[in-house]
Amino acid sequence: MLAKVAFVGLGVMGYPMAGHLKTKGGHNVTVYNRTAAKADKWVAQFGGKSAPTPREAAEGQDFVMACVGNDNDLREVMLGKDGVFAGTRKGAIIVDHTTASAEIARELHAEAKARGFDFIDAPVSGGQAGAENGVLTVMCGGEAEPFSRAEKVIAAYARACNLMGTPGSGQLAKMVNQICIAGVVQGLAEALHFAQKAELDIEKLVATISKGAAQSWQMENRYKTMAAGKFDFGFAVDWMRKDLAICLAEARRNGASLPLTGLVDQFYAQVQKMGGRRWDTSSLIALLQR
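Here, residues in each chain are numbered from 1, in the same order as that chain's written sequence. Totals for whole chains, interfaces and linings use all residues, but because this is a predicted model, local features are given only for residues with pLDDT of at least 70 and pairs of side-chain atoms are given and counted only at 80 or more. Derived side-chain values reflect all non-hydrogen atoms in the structure, with water molecules and hydrogen atoms excluded from consideration.

## Side note on the pairing of strand 5 (residues 93-96)
- Neither face of strand 5 is exposed, since Ile-93 and Val-95 on one face and Ile-94 and Asp-96 on the opposite face are all buried.
- For two strands to be treated as a pair, DSSP must find no fewer than two bridges joining them. We count a stretch as a helix when DSSP gives it H or I for four or more residues in a row; a strand needs E for two or more, and each element gets its number in order from the N terminus. Relative to strand 5, strand 4 (residues 63-66) runs parallel, the two being bridged by 4 bridges. In the sheet register, Ala-66 faces strand 5, and the bridge partner there is Asp-96.
- One ladder, built from 4 bridges, connects strand 5 with strand 6 (residues 118-121); its direction is parallel. Bridge pairing in strand 6 places Ile-93 opposite Asp-118. Burial classes follow relative accessibility: with a 1.4 Å probe on protein chains only, a residue under 20% of its type's maximum area counts as buried, one over 50% as exposed, and anything between as partly exposed.

## Quick notes on the nonpolar core
- Ranked by size, the top nonpolar core spans 34 residues in total, and within it Phe-7, Met-65, Ile-154 and Tyr-157 carry the most contacts.
- Among buried residues, the Ala, Val, Leu, Ile, Met, Phe, Trp, Tyr and Cys ones that are joined through side-chain atoms within 4.5 Å form a nonpolar core. Core analysis: the second largest hydrophobic core is formed by 26 residues, Leu-188, Ile-202, Tyr-223 and Val-237 among them.

## Brief notes about the layout of surface pockets
- A 1.4 Å probe that fits into a set of points on a 1 Å grid over the protein atoms alone but cannot get out defines a cavity; an open set with protein on both sides within 12 Å along at least five of seven lines defines a pocket, and lining residues are those with an atom within 4 Å of a point. Grid points are joined across faces, edges and corners, and a volume is the space filled by probe spheres set on the points. The computed volume of the second largest pocket comes to approximately 160 Å³.
- Lining of the second largest pocket is provided by 13 residues; of these, Gln-128, Gly-234, Ala-236, Trp-239 and Arg-278 occupy positions nearest its centre.
- The residue inventory of the lining of the second largest pocket, partitioned by class, reads 7 nonpolar, 3 polar and 3 charged. Classes in brief: Ala, Val, Leu, Ile, Met, Phe, Trp, Tyr, Cys and Pro nonpolar; Asp, Glu, Lys and Arg charged; the others, Gly included, polar.

## Comments concerning the side chain of Thr-88
- Within the secondary structure, Thr-88 is located in the loop between helix 5 (84-87) and strand 5.
- Polar contacts involving the side chain of Thr-88 include one to the main-chain carbonyl oxygen of Val-84, which spans 2.8 Å. Whenever two N or O atoms come within 3.5 Å, that pair is a polar contact, provided that in protein one can donate a hydrogen and the other can accept it, and provided that, for residues adjacent in sequence, both atoms are side-chain atoms.

## Section: the packing of helix 12 (residues 237-254) against helix 13 (residues 259-273)
- Between N-to-C directions, angles cover 0 to 180 degrees, with each direction set by a line fitted to C-alpha atoms, over the stretch in contact for helices. Running from N to C, helix 12 and helix 13 cross one another at 150°; their axes reach a closest spacing of 10 Å. As far as their axial angle goes, helix 13 and helix 12 are roughly antiparallel. Where helix 12 crosses over helix 13, the handedness of that crossing is left-handed. Seen from helix 12, the contacting residues are Val-237, Asp-238, Met-240, Arg-241, Leu-244 and Leu-248; seen from helix 13, they are Thr-261, Gly-262, Asp-265, Gln-266, Tyr-268, Ala-269, Val-271 and Gln-272. For classification purposes, angles smaller than 35 degrees are called roughly parallel, those larger than 145 roughly antiparallel, those between 65 and 115 roughly perpendicular, and all remaining angles oblique. Should the near helix be turned anticlockwise from the far one by less than a right angle, the crossing is left-handed, and should it be turned clockwise, the crossing is right-handed. The contact criterion used throughout is that any non-hydrogen atoms of two residues lie within 4.5 Å.

Have a look at this one:
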């Protein structure tokens, strides 16, 4: 299915995702980015065209994809005077890949329906590498019929895409994802730190325990760089703290108890104070090695 698609937000995730829509999906793609030079670079690399505002990017499109920073950025790019909603035609579908609150997802879904189009919250997991390789996991919230249409377009950069439930459910699923990651990374950091203090051979150790119940994606992909004290890979600490703040705020609303998540969030705050704002999330081990 070839479609007219806009992509709003060409950050480290959005830039390659929009590229896959053009190259792998074969769609007619228009991009918008707050810094116009980035949009110009994308057009030079992939073709398609750029628009000077989110509203103009959205005009006449079948789908509008977005991937921006946080709730405030999302509200501005969607509902502002020159925002996406001002240009979206009736019957179109907006797919938001921003990691944001479930609350704003529900708000934007309700506003979209009132204006005659659909909105799907669709945060992603897989990081920059997943975006560049087109193998993201996409967790969606919304209605079944528009999801079934959007899924065919999302397939250009996803290896898994599922409807988790009603509006906001995609964001809630992403919160679960981040809660899992926080605990696993802290456990792996402590385990590797312990192993180094015990003077174990890290390569032999991981080759052995990764074949058993201790195995995880983080272990397979981050143990070498963690043991070497290198943290220039993957998802930045600043972004993780933003996501964990969303998790903890939602837990206060729904009554969930997240003691470990709250503790790991404070550990990440200490990493930030060490100058590690842009280090990747595996940098929790740096606190233990001081």
